[in-house]
Amino acid sequence: MKHAELFQRSGAAAWGTCAFSDLPLSAPQRQRAQELCPDARGVFVAAYPYSAGDGAGNLSRYARGEDYHLVLLRRLGEVCQGLRELYPAHRFVPGADNSPLDERACARLAGVGLQGRNGLVIVEPYGSWVFLGTILTDLPLPSAPEPSPDCINCGACVRACPGGALDKLPFDEERCLSALTQKKGELSPEQEALLRAHPLIWGCDLCQQVCPYNRDALPSPLADLTGQGSVPYLSTLTEEDLEGLSNRSFRAKYGNRAFAWRGPGVLRRNLKLRRE
Ligand code: SF4
Ligand code: SF4
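If you're wondering where the values come from, they're calculated on a predicted model, not measured in any experiment.

Chemist: How should I be thinking about empty space enclosed by the protein in this particular structure?
Modeler: Space left empty within the atom packing is revealed by a probe, the size of a water molecule, rolled over the atoms. Applying the stated criterion to the full structure yields two cavities of 30 Å³ or more. Around the largest cavity, the lining comprises 13 residues; the ones closest to its centre are Cys151, Cys154, Cys157, Cys211 and Pro212. In the lining of the largest cavity, the residues fall into nine nonpolar, three polar and one charged. Of the voids in this model, the second largest cavity is the one considered here, and its volume is about 40 Å³. Forming the boundary of the second largest cavity are Tyr50, Ala52, Gly53, Arg61, Arg64, Gly65, Leu225, Thr226, Gly227 and Tyr233.

Written as structure tokens, this is what we have:
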């Protein structure tokens, strides 16, 4: 089976490759990559659409289906299985957020999608509502002849960002509401005020909602990422949903959700800020 067929069967909307030597990696990232895959020579990168549409709720669209880490590792695992049959002497290591590779840098070098000013990768016809996953390998792979082009730079995402996180490059994570909804510990009064005015208790979709590439974006056909599989669609979490849950029982109830990794504490805090 050819590479394209493997990625297509896995549900990828786009895929490409880049040379490991082209990636900008810090010394610790390079070391970690070499531990995962000695003599790493290439990276496959693939985009999986996740939006189920613009339904109301207080969870970001990306967190409404099954946890994408689980979904991507499962889907990329199937691709790896096919690649091992094609190249039995080589190693293939799937990654989704948990690898030392910068997935957006991989996508840029691989020519996958457009590079949005908001830092996201745009893959037609699904817009920026895509997750990126990688496969690190000791199989030599080339980067694309040209890296991905930039978006039209209309500035709508910069203007829509409540915290001004996109005002300057590089992006300021301390001012991003998506990061703030996940931040443990003390928040500054300014950060609390941003969260009070924010409609979501987990994530932020504003810089995507205003992007012209997302205006007519198609919904994802992937059942697991859109809550049509064994993990049902969940758009809203309430204080009642979390009432009485210990860390352990929270994980038992929500452990297959992307918002679960921080535990119930930050979600309770965010819900409380919303009603203050
Ligand atoms: S909103 Fe405009 S500037 Fe921002 S990513 Fe989309 S096209 Fe680019
Ligand atoms: S996710 Fe929200 S807060 Fe973060 S950069 Fe985009 S609009 Fe700004």
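Chemist: How should the site of ligand 2 be read in this particular structure?
Modeler: Lining the immediate environment of ligand 2, one finds Cys161, Leu166, Phe171, Cys176, Leu177, Cys204, Leu206 and Cys207. By residue class, the composition of the shell around ligand 2 is eight nonpolar, no polar and no charged.

Chemist: Is there a simple way to think about the site of ligand 1 in this case?
Modeler: Of all residues adjacent to ligand 1, which total 13 residues, the nearest are Cys151, Cys154, Gly155, Cys157 and Cys211. Here ligand 1 is seated within the largest cavity. Residues belonging to the shell around ligand 1 are distributed by class as follows: eight nonpolar, four polar and one charged.

Chemist: Please clarify how the environment of Gln209 should be interpreted in this entry.
Modeler: Looking at where Gln209 falls in the secondary structure, it is placed in helix α8 (residues 206-209). Distance in space between the C-alpha atoms of Gln209 and Arg269 is 25 Å, their sequence separation being 60 residues.

Chemist: Where do I start with the pairing of strand β6 (residues 130-137) in this structure?
Modeler: Looking along a regular strand, one sees side chains alternate from face to face of the sheet. Burial of β6 is extensive: eight of the eight residues sit out of reach of the surface. Neither face of β6 is exposed, since Val130, Leu132, Thr134 and Leu136 on one face and Phe131, Gly133, Ile135 and Thr137 on the opposite face are all buried. Inspection of the sheet shows strand β3 (residues 92-95) paired to β6 by four bridges, in the antiparallel sense. Within β6, the residue paired with Val93 across the bridge is Leu136.

Chemist: What should I look at first to understand the state of the cysteines in this one?
Modeler: In protein chemistry, a disulfide is the covalent bond that joins the sulfur atoms of two cysteines. Under the criterion given, the structure shown has zero disulfides. No disulfide involves Cys80; its sulfur sits 10 Å from the nearest other cysteine sulfur, which is in Cys37.

Chemist: What should I look at first to understand the environment of Leu180 in this one?
Modeler: With respect to the secondary-structure elements, Leu180 resides in helix α6 (residues 177-182). Residue classification places Leu180 among the buried residues on the basis of a relative accessible area of 1%. In the structure, Leu180 is positioned 134 residues away from Ala46 in sequence and 28 Å away in space, judged by C-alpha atoms. When sequence neighbours within four positions are dropped, the list of residues in contact with Leu180 reads Glu174, Gln191, Leu194, Leu195 and Arg269.

Chemist: What is the right way to look at the packing of aromatic side chains in this model?
Modeler: Geometrically, a pair of aromatic rings is defined through the distance of the ring centres and the angle of the planes. Scanning the entire structure with this criterion turns up eleven aromatic pairs. Centre to centre, the rings of Phe7 and Trp15 are 4.9 Å apart; their planes meet at 10 degrees, and the pair counts as stacked. Under the relative-accessibility criterion, Phe7 is labelled buried at 1%. When the centroid spacing of 6.3 Å and the interplanar angle of 40 degrees are considered together, the rings of Tyr87 and Phe92 count as tilted.

Chemist: Is there a simple way to think about the side chain of Asn270 in this case?
Modeler: Along the chain, Asn270 falls in helix α11 (residues 264-275). Sequence-distant contacts of Asn270, that is, excluding residues within four places in its chain, are made with Thr181, Leu195 and Ile201.

Chemist: Got a minute to help me understand the domain arrangement of the protein in this structure?
Modeler: It is common to give the size of an interface as the accessible area that goes away when the parts come together. The domain architecture assigned to the protein consists of domain 1 (3-137) and domain 2 (156-217 + 228-275). Between the C-alpha centres of domain 1 and domain 2 the distance comes to 23 Å. If you sort the residues of domain 1 by the area they bury against domain 2, Asn58, Leu59 and Arg117 come out on top, with a joint share of 27%. For the interface between domain 1 and domain 2, the tally reads 19 residue pairs in polar contact (both at pLDDT 80 or more). In the side of domain 1 that touches domain 2, the residues fall into 14 nonpolar, eight polar and seven charged.

Parameters at a glance
- Residues numbered from 1 in each chain as written.
- Chains lettered and ligands numbered in written order.
- Predicted model: local features only at pLDDT ≥ 70, side-chain atom pairs only at ≥ 80, totals over all residues.
- Heavy atoms only, no water.
- 1 Å grid on protein atoms, 1.4 Å probe; cavity = no way out; pocket = protein on both sides within 12 Å on 5 of 7 lines; lining within 4 Å.
- Points joined across faces, edges and corners; volume = space filled by probe spheres on them.
- Nonpolar A, V, L, I, M, F, W, Y, C, P; charged D, E, K, R; others polar.
- Near = heavy atom within 4 Å.
- Sits in = over half its atoms within 2 Å of the grid points.
- Helix = DSSP H or I, 4+ residues; strand = E, 2+ residues; numbered from the N terminus.
- Buried < 20%, exposed > 50% of the residue type's maximum accessible area, 1.4 Å probe, protein only.
- Pairing = 2+ DSSP bridges.
- Disulfide = S-S within 2.5 Å.
- Contact = heavy atoms within 4.5 Å.
- Phe/Tyr/Trp six-rings, centres within 6.5 Å; stacked < 30°, edge-to-face > 60°.
- Domains from an automatic or database assignment.
- Buried area = accessible area lost by both parts, 1.4 Å probe.
- Polar contact = N/O pair within 3.5 Å; in protein donor to acceptor, adjacent residues only side chain to side chain.

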